[in-house]
Structure formats: structure tokens, C-alpha cells
Amino acid sequence: MCAIVDANVGHEVFDPSRQTEAGGFFYDWLMRPNGGTIVAGGNLLRELNRSEAFRRFFGERLLANRARRIPDEPIAQAEDGIRREGLNDSNDEHVLALAQVTGARLLFTNDHALQQDFQNREIITGTRGRIYTTVERNDLRRTHRDLLRRGDLCNG
């Protein structure tokens, strides 16, 4: 399954000193041999790369073939399309474009407007986008576990 981690929760997943219980579970899931594949590229990759912990993690996962770095060009083209259509409420066209290009349908974010956009079927077509969030509570819940058990959240 493919997953996107928004920059606003990167510290919860990749920074051991700031990791939440739910973020740690997500990290462990990404590290398992049968866990998820993280996708990143474009502006999101630049935002996440501000963290040394993320850079180290992403480099290791790329070598293990458990991460995908997406070239900037297809993301930029998808971003332009999203802006032209004007259906989004968030300012995160780069995240939505990444989902369109990769088929990733699992997003860890605490940005409410991005959550709404990610579940908008006019923006994210095909399999409905699912949200992993700690906006209300950062402890591990059943909904977190259930999301990471799904196998249908990557169309690409």
C-alpha cells in the first residue's frame, strides 16, 4: 500500500524525540517488510527533507525499495490541473497532485482542509482517499490499525 506523509505530521513519524504513539505505529508499519511504501516528490519532498531524520529514513527506504521518489514534472503538471479546476479548499495542491500521480490513497495529515480535499472524489478519483490523523488524539486507536491493514489504497 502507498502512503503520503504530510509535512505537518512528519515530526510525529520520523523524529524519535517528538514521535507520537500513532506516529510511531505508522513508522513501524513503514519499516515492516510487508508494510507500506512511502511516496514523496515535488514540494512535499522538499518540505520533508528539512528534517535530517526524514532524509535518513527516506534514503534507507529507497535502497530497500520501500519508498518511491516521484519526479517533479508529473507532479507539477497535476498541480497545474488542480489549480485550473479550482475544486480544492486547501493550499496543498502538491500533496493532491502526488496522490493523483502515484495512486496513493492513504494520507497522514492533521490539515483539515487537506483532509476534505483528499476525500473529494472530483479531485482524488477511483479508490476513495483515506486519512490517518492525530488531530484529535495522538494515541494509537483502532481506526489507525484498521487503515494500515487495508491493501486497496494504492492504485499506482
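Bear in mind that the values here come from a model prediction, so they are computed numbers and not experimental data. (Residues numbered from 1 in each chain as written. Predicted model: local features only at pLDDT ≥ 70, side-chain atom pairs only at ≥ 80, totals over all residues. Heavy atoms only, no water.)

K.L.:
Looking at this structure, I do not really get the overall build of the protein chain. What am I missing?
P.N.:
For the protein chain, the count of helices and strands is 8 helices and 5 strands. Tracing the protein chain from N to C terminus, the helices and strands come up as β-α-α-β-α-α-β-α-α-β-α-β-α. Rg of the C-alpha trace for the protein chain: 14 Å, near the compact-globule value of 15 Å for 156 residues, within the 12% margin. The principal-axis extents of the C-alpha atoms in the protein chain amount to approximately 40 × 30 × 25 Å. Within the protein chain, residue pairs in contact and separated by at least 24 positions form 63% of the contacts whose partners lie at least 6 positions apart. (Helix = DSSP H or I, 4+ residues; strand = E, 2+ residues; numbered from the N terminus. Rg over C-alpha atoms; globule rule 2.2 N^0.38 Å. Contact = heavy atoms within 4.5 Å.)

K.L.:
Please clarify how the packing of helix H2 (residues 21-31) against helix H8 (residues 142-149) should be interpreted in this entry.
P.N.:
Angle between the axes and distance between the axes are the two parameters that describe a pair of packed helices. Viewed as axis vectors pointing N to C, H2 and H8 meet at an angle of 15 degrees, and their least axial separation amounts to 11 Å. With respect to each other, H2 and H8 are oriented roughly parallel. As H2 packs across H8, the resulting crossing turns out to be right-handed. Of H8, the residues touching H2 (which contributes Ala22, Phe25, Phe26 and Trp29) are His144, Arg145 and Leu148. Across the contact of H2 with H8, the residue classes break down as 5 nonpolar, 1 polar and 1 charged. (Axes fitted to C-alpha atoms, helices over the stretch in contact; angles between N-to-C directions. Parallel < 35°, antiparallel > 145°, perpendicular 65-115°, else oblique. Left-handed = near helix turned anticlockwise from the far one by under 90°. Nonpolar A, V, L, I, M, F, W, Y, C, P; charged D, E, K, R; others polar.)

K.L.:
What am I meant to see in the side chain of glutamine 115 here?
P.N.:
Mapped onto the elements of the fold, glutamine 115 is located in helix H7 (residues 112-118). You can call glutamine 115 buried: its relative accessible area is 11%. (Buried < 20%, exposed > 50% of the residue type's maximum accessible area, 1.4 Å probe, protein only.)

K.L.:
Is there a simple way to explain the sheet that holds strand S2 (residues 37-41) in this structure?
P.N.:
To summarise the sheet geometry, strands pair through backbone hydrogen bonds and adopt either a parallel or an antiparallel arrangement. Overall, parallel pairing links the 5 strands, which are arranged S3-S2-S1-S4-S5 in an open sheet. Unpaired on one side and paired on the other, strand S3 (67-70) and strand S5 (130-132) mark the two borders of the sheet. For this sheet, the mean angle separating the axes of adjacent strands, direction not counted, is 30 degrees. In this structure, S2 lies alongside S3, joined through 4 bridges in parallel fashion. (Pairing = 2+ DSSP bridges.)

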